[in-house]
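# Topology and contacts: notes
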Amino acid sequence: MGDSHFDLAILGAGPGGYVAAIRAAQLGLRVAVVEREHLGGVCLNWGCIPTKALLRTAEIHHQLHDLDAFGLYAREVGFDAKKVVARSRAVAKRLAGGVKQLLRKHEVSVVSGHGRLAGRGRVEVTRDGGREEVRAAHVILATGARARTLPGLEPDGHLVWTYREAMVPEAIPGRLLVVGSGAIGIEFASFYRDMGADVAVVEILPRILPAEDAEVSAAARRAFERRGIEIHTEASVKALRREGDRVVAALDLGGKAVERDFDRAILAIGITGNVEDVGLETTAARVEKGHVVVDRWLATAEPGLYAIGDLVGPPWLAHKASHEGVVCVERIAGVEGVHPLDATRIPACTYSRPQVASVGLTEQQAAERGHELRVGRFPFVANGKAVAAGDTEGFVKTVFDARTGELLGAHLFGPEVTELVFGFAVARTLESTEAELLQAVFPHPTLSEAMHEAVLAAYGRPLHI
Ligand SMILES: Cc1cc2nc3c(=O)[nH]c(=O)nc-3n(C[C@H](O)[C@H](O)[C@H](O)COP(=O)(O)OP(=O)(O)OC[C@H]3O[C@@H](n4cnc5c(N)ncnc54)[C@H](O)[C@@H]3O)c2cc1C
């Protein structure tokens, strides 16, 4: 590796760690990144990117079964599960390779192996029995997170899957149980349903996609049920028993004990930080509920030690991890005008069919914080582009502070909303009020016009409904 003295050492090369490394290099810091598995972390290798490749296949598969309305027909539509998975893996590999190039371009030193804090400013890296030391004035922990498991619900990699096995199936199971209805659970439910599986989702809370606005979550439930996805809320899985090549699930469905057979089960019951075996016990840094505690500048209680991304807690999102990496590094480098990350400006997306996206406060959160509200809604069925595309399910909802006009939140459900939501994220970052948004000119015909109409609707003047 050559010289092992750096300004900054980063443990973990996921979207938190590798983006922090690039930004630090741009700022003139000498940077080393320690990675024990793959550059790109969960996001590029086992999360965001390979799932979107799978979901694109599922979308095309669905469209091939829904051609008549477009005047098309196709015979003998089918799929090869191995090729579906191979494409997803190839996409992941290509992007992870891109990270390698980017780090090389920015002259970031990549150290392969498991990193562990070994005293202030020192990281011990072990690999294949070998050991080396990296020294740096500042250390950022970006070791990410992994799937949470519960007693009785342990994954076995064969019948009971975490997201890793769910992403590389040998075949599409006939009957699939998805435990948990956050973004990850719902994306897998959507993918497998479109590929022909009978899917049941079990959620312990009263509604699916519990972090989303209640109206969106209710509409999503109706849409998924119409697609044939079975959904049980206020329900739980007590135990999973392996019998031959099937899983017997002991379910509590609203107080009623039921046993059901499935071919496979996916556990999507949350995330816990990779806090173990990184030497945190040798520092003053604190760990709470499986995550490292940091201040708004991502600093731990140990001088010179920082933590970012999934490791520091929700929302467990790649863009949040990357943004934290940039904030943390710019603060270390003494850049002027750096702002801590405002959680209400982080968009969240679920790439199911239909899609879900949001930014800012839900209507309920805004009301609980004492805001007087103006709420607007506009359905895609009244949007020209959605009608032309034959994809009209869903709506856009805006939540404004009635006194100041501040856009507090936006909640979208429907076609391509994961692409649209950035518009509201920019609006929130610019602290836009209704005054600017009402005057903005939206291109016609686009799905984005539904965003404008949802703003107009909040002020009692929608034009197309
Ligand atoms: C199925 C799935 C789908 C997802 N889809 C999306 C999505 O669509 N959009 C989105 O924003 N987010 C999505 N996520 C979440 C996203 O993947 C994470 O939020 C993101 O990867 C977090 O980035 P990170 O850098 O904090 O950690 P990670 O990406 O987990 O990277 C941490 C890295 O640290 C390495 N590491 C850990 N410990 C050590 C050590 N001691 N020494 C050296 N290296 C170490 C790991 O090998 C890993 O490469 C998804 C997650 C999953 C599981």
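Residues numbered from 1 in each chain as written. Predicted model: local features only at pLDDT ≥ 70, side-chain atom pairs only at ≥ 80, totals over all residues. Heavy atoms only, no water.

Further remarks concern the overall build of the protein chain. Summing up its helical and strand segments, the protein chain has 14 helices and 24 strands in all. With the C-alpha coordinates aligned to their principal axes, the bounding extent of the protein chain is approximately 65 × 60 × 45 Å. Per-residue burial for the protein chain yields a buried fraction of 50% across its 465 residues. Counting only contacts in the protein chain whose residues sit at least 6 apart along the sequence, the fraction spanning at least 24 positions is 63%. As displayed, the protein chain offers around 21,500 Å² of accessible surface, 52% of which is attributable to carbon and sulfur atoms. (Helix = DSSP H or I, 4+ residues; strand = E, 2+ residues; numbered from the N terminus. Buried < 20%, exposed > 50% of the residue type's maximum accessible area, 1.4 Å probe, protein only. Contact = heavy atoms within 4.5 Å. Areas by Shrake-Rupley, 256 points an atom, 1.4 Å probe, with all protein chains shown as cover.)

On to the pattern of salt bridges, then. Side-chain pairs of opposite charge can arise whenever the charged atoms involved come near each other. All chains considered together, the criterion is met by 35 salt bridges. We note a salt bridge from E330 to R23, for which the minimum N-O separation is 2.7 Å. Here R23 lies in helix α1 (residues 15–26) and E330 lies in helix α8 (residues 318–332), a separation of 307 residues in the sequence. Classification of E330 as buried rests on a relative accessible area of 15%. The exposure class of R23 is partly exposed, given its relative accessible area of 22%. (Salt bridge = Lys/Arg side-chain N within 4 Å of Asp/Glu carboxyl O.)

A few words on the layout of surface pockets. A volume near 880 Å³ is recorded for the second largest pocket. In terms of lining, the second largest pocket is formed by 31 residues, of which the most central are E59, Q63, R353, D391 and E416. Sorting the residues of the lining of the second largest pocket by element identifies α3 (48–64), α6 (183–194), α7 (214–226), α10 (384–389) and α11 (417–420) as the ones contributing at least two each. The element that contributes the greatest number of residues to the lining of the second largest pocket is α3, accounting for seven residues. Taken together, the residues that form the lining of the second largest pocket break down as ten nonpolar, eight polar and 13 charged. (1 Å grid on protein atoms, 1.4 Å probe; cavity = no way out; pocket = protein on both sides within 12 Å on 5 of 7 lines; lining within 4 Å. Points joined across faces, edges and corners; volume = space filled by probe spheres on them. Nonpolar A, V, L, I, M, F, W, Y, C, P; charged D, E, K, R; others polar.)

Attention now goes to unusual backbone geometry. The linkage connecting P314 with the following residue, P315, adopts the cis geometry, with an omega of -5°. Along the chain, P315 falls in the loop between β19 (305–307) and α8. Note that the residue after R353, namely P354, is joined by a cis bond; omega there is -10°. Relative to the elements of secondary structure, P354 occurs in the loop between β20 (348–350) and β21 (355–360). A positive phi angle is found at E107, which is not glycine, with a value near 55°.

So, on to the sheet that holds strand β14 (residues 256–262). Ordered by their spatial adjacency, three strands build an open sheet running β12-β13-β14, and the pairing between neighbours is antiparallel. The strands lining the two open edges of the sheet, one partner per strand, are β12 (235–243) and β14. Across the sheet, the axes of successive neighbouring strands diverge by a mean angle of 20°, strand direction being ignored. One ladder, built from seven bridges, connects strand β13 (residues 246–253) with β14; its direction is antiparallel. Following the sheet pairing, V248 is matched in β14 by D261. (Pairing = 2+ DSSP bridges. Axes fitted to C-alpha atoms, helices over the stretch in contact; angles between N-to-C directions.)

The next subject is the nonpolar core. Counting residues in each nonpolar core, the largest one holds 34 residues, and the members touching the most others are F191, Y192, V199 and F413. Put simply, the parts of the chain that give this core at least two residues each are α3, α5 (163–166), β9 (175–179), α6, β10 (198–202) and α7. Beyond its immediate sequence surroundings of up to four residues, V199 is in contact with L176, V178, A189, Y192, R193, G228, I229 and E230. Judged by nonpolar contacts, the second largest core, of 31 residues, contains L44, A142, V327 and V329. (Core = buried A, V, L, I, M, F, W, Y, C linked by side-chain atoms within 4.5 Å.)

For the rest of this paragraph, the subject is the sheet that holds strand β11 (residues 230–232). Taking strand neighbours across the sheet as the criterion, the five strands line up as β8-β15-β9-β10-β11 in an open arrangement whose pairing is parallel. At either margin of the open sheet sits one strand with a lone partner, and together these are β8 (160–161) and β11. Pairing geometry for β9 and strand β15 (residues 264–267), over four bridges, is parallel. Its bridge partner lying in β15, V178 is registered against I266. Where α6 meets the sheet, it contacts β8, β9, β10 and β15, and its direction lies at approximately 165° from that of β10.

In this section: empty space enclosed by the protein. The full count for this structure, using the stated rule, is one cavity of 30 Å³ or more. Looking at the largest cavity, its volume works out to about 30 Å³. Taken together, T51, L54, L55, E187, F188 and F191 form the lining of the largest cavity. Looking at the lining of the largest cavity, the elements that each hand over two or more residues are α3 and α6. Of the residues contributing to the lining of the largest cavity, the split by class is four nonpolar, one polar and one charged.

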